[in-house]
Amino acid sequence: MPEATVETRASEATHSGSTQQVDVAVVGAGFAGLYILHRLRKAGFSAVVLEEAGDVGGTWYWNRYPGARCDIQTIDYSYTFDPELDKAWTWSEKYATQPEILRYLGFVADRYDLRRDIRFGTKVKQATWDDASERWLITTDNGANVSCRHYIMATGCLSSPKPPEIDGVKDFKGEVYFTGRWPHEGVNLKGKRVAVIGTGSSGIQSIPLIASEAAQLTVFQRTPNFALPAGNGPQPEDRRTFFETDRAAYREQARWSLAGVPYPQQTVVSWQLSDAERRERFEKAWAAGDLVHILTQLWADQGVDVDGNAILCDLIREKIGEVVKDPETLAALTPQDHPFGSKRPCLDTNYYATYNRPNVTLVNLRQEPIKEITAGGISTDKRSFDVDVIVFATGFDAMTGAILAVHPITGRGGKSLSSVWAHGPQSYLGLTVAGFPNLFMITGPGSPSVLSNMAVSIEQHADWVVDRLIALRDAGFTSMEATETAQAGWAQHMADCSMLTLHRLANTWYTGANVPGKAQGVMPYTGGVGPYRSICNEVVGRGMLGFHLKGPGGAEQCNDGEIVRLQPDVRLVLGMLAEMNLPPIETMGAAGARDFLNEFNKGRPAGRPVGEVGEGMLQGADGPLPYKLYRPATPGPHPIVVYFHGGGWVLGDHESDDPFCRDMCRRTGMIFVSVNYRHAPEHRFPAAPEDGYAATRWISEHAADLGGRPGPVLVAGWSAGANVAAVTCQLARDRGGPQIAGQLLLSPVTDCIFDRPSYVENATGYFLTRGLMYWFWDIYCSPADRTDPRASPIRGKLEGLPPAFVTTAEFDPLRDEGIAYAEALAKAGVPVEQLKARGHFHSSFVMVDVVITGVPGRIKMAEALRRFAGLPAQMDTVRRAPPPEVNAAAS
Ligand SMILES: Cc1cc2nc3c(=O)[nH]c(=O)nc-3n(C[C@H](O)[C@H](O)[C@H](O)COP(=O)(O)OP(=O)(O)OC[C@H]3O[C@@H](n4cnc5c(N)ncnc54)[C@H](O)[C@@H]3O)c2cc1C
């Protein structure tokens, strides 16, 4: 049945005295408030929407400045909840104008008869939770106050315009306008001298149109922004065809995508493409005029890696340079201080070309700040500009502004939200706040919100909230509140996610930097729309994890905990592996498992270029062994690191950890020699450690021939390879050399017992399972031999070993034996550093360019190796993000 004709219960609001009584009060009648009202009514809740504006529309009611349009293609920036509605409305353009979007929202309000439950011209001033009645009391500036069980803030992320921070606005005798509060009757700028302050989205959209009307336009710019030609017009053929062919599939793909627009995840990284290929992709994206396309579809590392991003920045700067004629204006307009995408890029129509007009002047506030606004115009510290009109395009107090403008919001125990958020917004899922029962925020800070197509994110939030209210009611509960544990866990997850992208590297309204005195931090969730949706679903699937539910007669349920403890990219990788539904590796047989690993490795990103990669043969314990050598691009001779790959002594070879060796070669500036020691079952214990030792000896003796620095070598290894590396150090000490300057042990196997807690906690689910470890050990080593220190180095003598750096991962069966080895080394007087990697799994650090959150850990490992080799810890040849706050605790 079409949604519009579904019988909806008329909202049964009642009045007691001067207070309106409803089940749910919603603040805001924009995209969010309208849909929530529709859903609440359908679910049989009585509801009222309180809206300051005179009609529906939210953003699109207020932002009527010239050129106002959406910047997500309008077929995507639409409701999707009702297929009939979807078909009933056709957009006229790729990017609809503000009047058309406002008409659409009016059409929706009419279609579902929403206005009858909306109180327009009503501003919410305060909200107070009453614990005894479990209700919120909402105070308004117009008409009755409202008492409600649930209070939903659909107040908008970009609805609280930022006041001007300049002295003297009141003294100005001319006209003053704000893009976010543009007069409904329009403004006549013909023949006038106009100043526009601000070059964010609103400025970039309006400046070309203002310039074409005004006699003179002076633009005051603090920070230049990247803008791309919108190429507006009819809907592009390819998108329309995809949409028309299967609308349901199109919408569903959007819901699970990264940004709420159906585009696939890119897998090709920038250095796998030639200059010509990169340019071709870029030109296509530039011509497409599509923000999400250019933000996500060029190469996989563009949004997560400064180098991959810098290539794109250079290409865009080139485009700006082709348009702007005056060199000084060009220099001022060209962004240099932030990665592309870390600040919201804009779509424009003739923006840069506008600065070639004779009636347009750009004032670079970085060089001449505004001193004051006078009666007749604007003065910088160098000049004065006489103007008739000032347009403030200075943006919004984003994400938290409209929420905190309702003041105070008083929760349980009399706590006010503004005090709880004094140092930045705290939330669980960006939806709820501990201490504020039955309060919900739509697209609140901590949710994907402004980093997504908000139509998709709004529907997801509205559905999640209304579905919870229904479930609560059905179960007889009357209140729900996030727990402090869940909220703290979400803050940690948010911080982990923000390490994934480059948003943290720019001062923007995403981080609160545009508002003086506002707490700083990346406010939207940067982990993506699809992953976020799956987390919200998981909260429900795990029995409302992190929520305290209460009902009459003392009924209570609290399933406390943190919803995501894995690093965000580790969670994705493990999710993808789970979806592949692979048979356990230990059921494949050794040959089958090797084939599987080879195939699996073909799908991973190729490692980055190093100075030179060579291959050769060296002398092992019982014959020649192949090796692969990675040489840095810097002048040598370099110290040599002998590297032993992972694979449980059964799988892998000198090439299987190729991306890791490349990465570490680049980060350390050292030669890495990856050795193919012999494997079980063909060669059981002690073939592997004996080869490890022999290879290290050979490499040390041939250091000069290999182009390396003569003298002590270093050893490193991962997993079983780390076991080989650890044993090699013991053998080298006991057998008279070679000299080893340091050992890097990455998730090492150090012991043959399986009862440490990490074996139990991580027995399944994290790729390296307990079953797989049993299998490796069984193939490799007979039970009688396992206590030999060459198999279990923790059982050997540890005094006199080279300094060690031991990395362990939280979700790894081998975690505790790695920690135990590090502690035992320290006890034996060996200098040891440990990296206990929170939220990581066994393979995190070798999945280079897949597990991005592994980068800080590899930086630490590289620094340790350099110190062991007597070099300064830092090297500058790898361009990388500023030192990350390591999401792994080094101790
Ligand atoms: C110019 C512009 C272009 C944009 N383009 C896009 C785009 O292309 N794609 C995209 O995804 N997003 C875009 N956005 C973001 C846009 O804000 C959201 O897409 C969406 O419109 C938000 O809807 P909402 O209902 O959550 O909030 P809003 O539309 O902001 O509505 C919130 C409403 O709450 C009311 N309100 C707030 N506080 C109170 C109070 N205390 N009492 C009573 N009423 C109150 C406000 O008056 C407002 O009407 C754009 C934003 C702007 C400003």
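All residue numbers refer to positions counted from 1 along the written sequence of the respective chain. Residue-level local features of this predicted model are given only where pLDDT is at least 70; pairs of side-chain atoms are given and counted only at 80 or more, and the full residue set underlies all totals for whole chains, interfaces and linings. The basis for every side-chain value is the complete set of heavy atoms in the structure, and neither hydrogens nor water enter the calculation.

A short note on the overall build of the protein
Moving on, step 1. A helix here means a DSSP run of H or I that spans at least four residues, while a strand means a run of E at least two residues long, and both kinds are numbered starting from the N terminus. Summing up its helical and strand segments, the protein has 26 helices and 31 strands in all.
Moving on, step 2. Residue contacts are counted whenever heavy atoms from the two residues lie within 4.5 Å of one another. Across the protein, the fraction of contacts at a sequence separation of at least 24, relative to all contacts at a separation of at least 6, is 74%.
Moving on, step 3. In summary, the charge assignment counts Lys and Arg as positive and Asp and Glu as negative, without counting His or the chain termini. In plain terms, the charge of a residue is placed at NZ if it is Lys, CZ if Arg, CG if Asp and CD if Glu. Measuring between centres, the 86 positive side-chain charges of the protein sit 2 Å from its 100 negative side-chain charges.

Quick notes on the sheet that holds strand E15 (residues 377-380)
Moving on, step 1. The three strands lie next to each other as E14-E15-E16, forming an open sheet whose pairing is antiparallel. Strands at the two margins of the open sheet, each flanked by one partner only, are strand E14 (370-373) and strand E16 (384-386). With direction set aside, neighbouring strand axes in the sheet form an average angle of 20°. Between any two strands, pairing holds if DSSP finds at least two bridges. Every angle, taken between N-to-C directions, lies between 0 and 180 degrees, and every axis is a line fitted to C-alpha atoms, over only the stretch in contact when it is a helix.

Some words on the site of the ligand
Moving on, step 1. Any residue with a non-hydrogen atom lying within 4 Å of a molecule or strand is treated as near it. Near the ligand there are 33 residues, and of these Glu51, Thr59, Asp71, Tyr77 and Met454 occur at the shortest range.
Moving on, step 2. With the chains in place, 95% of the 970 Å² that the ligand exposes on its own is no longer accessible.
Moving on, step 3. Where the shell around the ligand is concerned, the elements lending two or more residues are helix H1 (31-42), helix H2 (59-62) and helix H15 (454-475).
Moving on, step 4. Of the residues forming the shell around the ligand, the biggest block, three residues, is contributed by H2. In this description, accessible areas are obtained by the Shrake-Rupley approach with a 1.4 Å probe, and a residue is regarded as covered only by the protein chains that are shown.

Description of the environment of Leu298
Moving on, step 1. Looking at the element boundaries, Leu298 is found in the loop between helix H9 (291-296) and helix H10 (306-323).
Moving on, step 2. The buried label applies to any residue whose accessible area, calculated with a 1.4 Å probe on protein chains only, is under 20% of its type's maximum; exposed applies above 50%, and partly exposed to all values in between. Look at Leu298 and you get buried, because its relative accessible area is 0%.
Moving on, step 3. C-alpha separation for the pair Leu298 and Asn309, spaced 11 residues apart in sequence, amounts to 10.0 Å.
Moving on, step 4. Setting aside residues no more than four positions away along its own chain, Leu298 makes contact with Gln266, Leu273, Arg281, Phe282, Ala285, His293 and Leu312.

Overview of the pattern of salt bridges
Opposite charge on two side chains makes pairing possible when the charged atoms of those side chains draw close.
Moving on, step 1. What makes a salt bridge here is a side-chain nitrogen of Lys or Arg within 4 Å of a carboxyl oxygen of Asp or Glu, nothing more. Within the structure shown, the criterion is met by 52 salt bridges.
Moving on, step 2. Between Asp117 and Arg41 there is a salt bridge, with its nearest N and O atoms 2.8 Å apart. Remark: Arg41 occurs in helix H1 and Asp117 occurs in the loop between helix H4 (98-111) and strand E4 (118-119); sequence separation between them is 76 residues. Across the pair, exposure class does not vary: Asp117 and Arg41 are buried alike.
Moving on, step 3. Between Asp658 and Lys628 there is a salt bridge whose closest N-O contact spans 3.3 Å. Here Asp658 is found in helix H20 (residues 658-668), whereas its partner Lys628 is found in strand E24 (residues 623-631), with 30 residues between them in sequence. This pair shows no difference in class: Asp658 is buried, exactly as Lys628 is.
Moving on, step 4. One connected set of salt bridges, linked through shared partners, spans Asp86, Glu244, Arg247 and Arg251.

Some points on the confidence of the model for the protein
Moving on, step 1. A residue-level look at the protein finds 96% of positions with pLDDT of 70 or above and a mean pLDDT of 94.
Moving on, step 2. In predicted models, pLDDT denotes the confidence assigned by the predictor to each residue on a 0 to 100 scale. The low-confidence segment residues 877-891, where pLDDT is below 50, has 44 contacts with residues more than four positions distant or belonging to other chains.

Concerning the sheet that holds strand E9 (residues 193-197)
Moving on, step 1. Read across the sheet, five strands follow the order E8-E17-E9-E10-E13 without closing on themselves; strand pairing throughout is parallel. Looking at strand neighbours, the two that pair on one side only are strand E8 (175-178) and strand E13 (360-364), the edges of this open sheet. Averaged over neighbouring strand pairs, the angle between their axes works out to 20° when direction is ignored.
Moving on, step 2. As judged from the four bridges shared by E8 and strand E17 (residues 389-392), these two strands associate in the parallel manner. Residue pairing for E17: Phe178 is matched across the bridge by Phe392.
Moving on, step 3. In this fold helix H5 (residues 201-213) packs onto E9, strand E10 (216-221), E13 and E17, with an angle of close to 155° to the strand it touches most, E10.

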